[in-house]
Amino acid sequence: MEDRTYVADAEPGDEVTIAGWVHETRDLGGIAFLILRDRSGKIQVKFEKDEMDDHIVETGLGVHRESVLSITGRVEEEERAPTGVEVIPDGIEVISEADTELPLDPSGKVDAELSTRLDNRTLDLRKPGVKAIFEIRSEVQRAVRETFRGLDCTEINTPKIVATGTEGGTELFPITYFGREAFMNQSPQLFKQLMAGSGLERVFEVGPIFRAEEHNTPRHLNEATSIDFEATFIDQHEAMDVAEAIVVSAYDAVDQNCQTALEALGLVDEFTVPEGDFPRLTYEECIERVNATGELDEPLVWGDDLSTEAERALGDDVGGHYFVTDWPSEIKPFYIQDYDDDPELSKGFDLNHPRMELVSGGQREHRHEPLIEGFEQQGLPPADFEYYTKMFKYGMPPHAGWGMGAERLVTTMLDLDNVREATLFPRDRQRLSP
Ligand code: ATP
Ligand code: MG
């Protein structure tokens, strides 16, 4: 529609054609109102029954809520109207009619269960507060790309159908690939390392990862979006600097460019951009700190992974984003480098929001021999990964990087209850459609 005006742009005195959804109608007898909604907002349309063409009045008041209309008319100032203006129609067309019965109420007056909302995402995203999450997610992805560009990185796309997993077998989704077994990739880890070692050197990717996690939690999906970074001639500390820059730039962009969306979520006053300089705590310090909170039934011992409870206790104690560095080698994957002078310790790190883990990364093992040893220690057959390991024989510089869950970034940023809130069509144990 070439001549369509968004309702938020309709100014008194304009002759406009507006198009959108019937939010509600109110019939007061001689006069009736229809609220029309589009992506920019809502506007009141006034029907004065005695003065108007019967066809216009009957069409406007005869359609069900959520039907799509196109209305032509004059915009007038009206201080009693919700936005201070209203449209006096002189033409109306029903473009698409909606059933009387709707599976959920897009006006948000009646709450719906998350599962009902996910089954009917089209209607769910007509609610400003839900639409706002995805406008913000879009801005986050834009900002992330821009920040990577500013850091001189090249955006890459790596295969999602692979012959072998990255992190071992248990979390892999097998598929049939022309009669052969293949898998959905868990992470671009190995490919992005191969590309760091190529002529590109500094790369990033925003793409899907697939994890056959059995557990159903508010922070796990079976298909998630991973923001990945990998670069040569940097160490884990510089990789942490980049992770921090990406997080801060995402918050900053949302603060600068998404005030309307934040308003729709009721977050204008609460939203704060983290200052950066996230504390970098060693794994050992974290264990001590968690145990000192007395929040855990069983104290952690060196070598334990940080459980959900431990992450929560530590998050409350630290009170903001923080890195966990120098993890025990045995709980980090083979591609993370260990300290030469203390092989029990690795150069892996996590970045956590007080509520959950956001990032895992580290300095990578770029030397062929120790890499092969790492595979063997982890019980992975190096032969299956030859496409990867052999490139470490042809000039592989030191490199480091990380992966960040996009859904978790948005979920923690907007204090949502569940990563599914930040996912259009989540894939989980129960949900494969829509
Ligand atoms: P967790 O310990 O929370 O299960 P992980 O350590 O298995 O996560 P990584 O392999 O380190 O996850 O992946 C890097 C990042 O990708 C995570 O920090 C997280 O933000 C995101 N991520 C990983 N798996 C999932 C998932 N199943 N659902 C949503 N995000 C995920
Ligand atoms: Mg991790």
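On a predicted model such as this, the values are computed, not experimentally measured, just so you know.

### Describing the site of ligand 1
Piece 1. Close to ligand 1 lie 13 residues, the nearest being Arg211, His220, Leu221, Glu357 and Leu358.
Piece 2. Within the side chain of Arg211, an N or O atom sits 2.8 Å from an oxygen atom of ligand 1.
Piece 3. Leu358 places a polar main-chain atom, nitrogen or oxygen, 2.8 Å from an oxygen atom of ligand 1.
Piece 4. Only β17 (356–363) and β18 (399–405) provide two or more residues apiece to the shell around ligand 1.
Piece 5. Class assignment of the residues belonging to the shell around ligand 1 gives a composition of four nonpolar, four polar and five charged.

### So, the coordination of the magnesium ion (ligand 2)
Piece 1. Donor atoms from the polypeptide that coordinate the magnesium ion (ligand 2) comprise Glu357 (OE) and Ser360 (OG), at 2.2 to 2.3 Å from the metal.
Piece 2. Relative accessible area serves as the criterion here: at 22%, Glu357 is assigned to the partly exposed category.

### Points about the sheet that holds strand β8 (residues 173–177)
Piece 1. Spatial strand order, β7-β9-β8: three strands in an open sheet with antiparallel pairing. The strands lining the two open edges of the sheet, one partner per strand, are β7 (161–162) and β8.
Piece 2. Pairing analysis gives two bridges linking β7 to strand β9 (residues 180–184), with the strands arranged antiparallel. Within β9, the position partnered with Val162 by the bridge is Phe183.

### Side note on the side chain of His353
Piece 1. Following the sequence through the fold, His353 ends up in strand β16 (residues 348–353).
Piece 2. Residues contacting His353, with those up to four places away along its chain left out, are Tyr251, His321, Tyr322, Leu358 and Thr412.

### Considering a negative patch on the surface
Piece 1. There is a patch of like negative charges on the surface, built from Glu330, Asp341, Asp342 and Glu344.
Piece 2. Looking at the secondary structure, you find Glu344 in strand β15 (residues 342–346).

### With respect to the domain arrangement of the protein chain
Piece 1. Domain annotation for the protein chain reports domain 1 (7–96) and domain 2 (121–279 + 320–422).
Piece 2. Taken over C-alpha atoms, the centre of domain 1 sits 47 Å from the centre of domain 2.

### Let's talk about the packing of aromatic side chains
Here a ring pair, both rings aromatic, is described through the centre-centre distance and the interplanar angle of the planes.
Piece 1. Under the counting rule described, the total for this entry stands at 17 aromatic pairs.
Piece 2. With a centroid separation of 4.5 Å and an interplanar angle of 15 degrees, the aromatic rings of Phe148 and Phe204 are classed as stacked. Here Phe148, found in helix α4 (residues 128–150), pairs with Phe204, found in strand β10 (residues 202–210); they are 56 residues apart in sequence, far enough to count as distant. Neither residue differs from the other here; Phe148 and Phe204 are each classed as buried.
Piece 3. Ring-pair connections join several aromatic residues into one group, and the members of that group are Phe334, Tyr335, Phe375, Phe385, Tyr388 and Phe392.

### Regarding the packing of helix α6 (residues 236–257) against helix α12 (residues 406–413)
Piece 1. Running from N to C, α6 and α12 cross one another at 55 degrees; their axes reach a closest spacing of 12 Å. When the interaxial angle is binned, α6 and α12 end up oblique. Crossing handedness for the pair α6 and α12: right-handed. Residues Val247, Ala250, Tyr251 and Val254 of α6 form the contact with α12, whose own contacting residues are Leu409, Thr412 and Met413.
Piece 2. Looking at the contact of α6 with α12 residue by residue, the classes come out as six nonpolar, one polar and no charged.

### Quick word on helix α1 (residues 54–62)
Piece 1. If you check which residues of α1 are buried, you get Ile56, Val57, Thr59 and Gly60.
Piece 2. Of the surrounding elements, those touching the buried residues of α1 are β1 (15–27), β2 (31–38), β3 (41–48) and β5 (85–96).

### So, the environment of His23
Piece 1. Mapped onto the elements, His23 comes out in strand β1.
Piece 2. If sequence neighbours within four positions are ignored, His23 has contacts with Ile35, Arg37, Lys42, Arg65, Glu66 and Ser107.

### Some details on a nonpolar patch on the surface
Piece 1. On the surface, Ile161, Tyr177 and Phe178 cluster together into a nonpolar patch covering about 350 Å² of accessible area.
Piece 2. By secondary structure assignment, the location of Phe178 is in the loop between β8 and β9.
Piece 3. Look at Phe178 and you get exposed, because its relative accessible area is 75%.

### Considerations on unusual backbone geometry
Piece 1. Of note, the amide linkage connecting Ser433 to Pro434 takes the cis form, showing an omega dihedral of -5 degrees.
Piece 2. Residue Glu66 is not a glycine yet carries a positive backbone phi of 75 degrees.
Piece 3. Position of Glu66 relative to the elements: it lies in the loop between α1 and β4 (68–77).

### Examining the pattern of salt bridges
Piece 1. Under the criterion given, the structure shown has 33 salt bridges.
Piece 2. In this structure, Arg37 and Glu66 form a salt bridge, with 2.8 Å as the shortest nitrogen-oxygen distance. Remark: Glu66 occurs in the loop between α1 and β4 and Arg37 occurs in strand β2; sequence separation between them is 29 residues. In this pair, the class of Arg37 matches that of Glu66, namely buried.
Piece 3. Glu86 is paired through a salt bridge with Lys46; the nearest N and O atoms lie 2.8 Å apart. With a gap of 40 residues between them, Glu86 in strand β5 and Lys46 in strand β3 connect regions that are remote in the sequence. No difference in accessibility class separates Glu86 from Lys46, as the two residues are buried.
Piece 4. Within the structure, one salt-bridge network assembled from shared partners comprises Arg117, Arg121, Asp124, Lys127 and Glu421.

Criteria and cut-off values
Residues numbered from 1 in each chain as written. Chains lettered and ligands numbered in written order. Predicted model: local features only at pLDDT ≥ 70, side-chain atom pairs only at ≥ 80, totals over all residues. Heavy atoms only, no water. Near = heavy atom within 4 Å. Polar contact = N/O pair within 3.5 Å; in protein donor to acceptor, adjacent residues only side chain to side chain. Helix = DSSP H or I, 4+ residues; strand = E, 2+ residues; numbered from the N terminus. Nonpolar A, V, L, I, M, F, W, Y, C, P; charged D, E, K, R; others polar. Donors = N, O, S within 2.8 Å, 3.2 Å for Na, K, Ca; no water. Buried < 20%, exposed > 50% of the residue type's maximum accessible area, 1.4 Å probe, protein only. Pairing = 2+ DSSP bridges. Contact = heavy atoms within 4.5 Å. Patch = residues over 30% accessible without salt bridge, like charges linked within 9 Å, V, L, I, M, F, W, Y side chains within 5 Å. Areas by Shrake-Rupley, 256 points an atom, 1.4 Å probe, with all protein chains shown as cover. Salt bridge = Lys/Arg side-chain N within 4 Å of Asp/Glu carboxyl O. Lys, Arg positive; Asp, Glu negative; His and termini not counted. Charge placed at Lys NZ, Arg CZ, Asp CG, Glu CD. Domains from an automatic or database assignment. Phe/Tyr/Trp six-rings, centres within 6.5 Å; stacked < 30°, edge-to-face > 60°. Axes fitted to C-alpha atoms, helices over the stretch in contact; angles between N-to-C directions. Parallel < 35°, antiparallel > 145°, perpendicular 65-115°, else oblique. Left-handed = near helix turned anticlockwise from the far one by under 90°.

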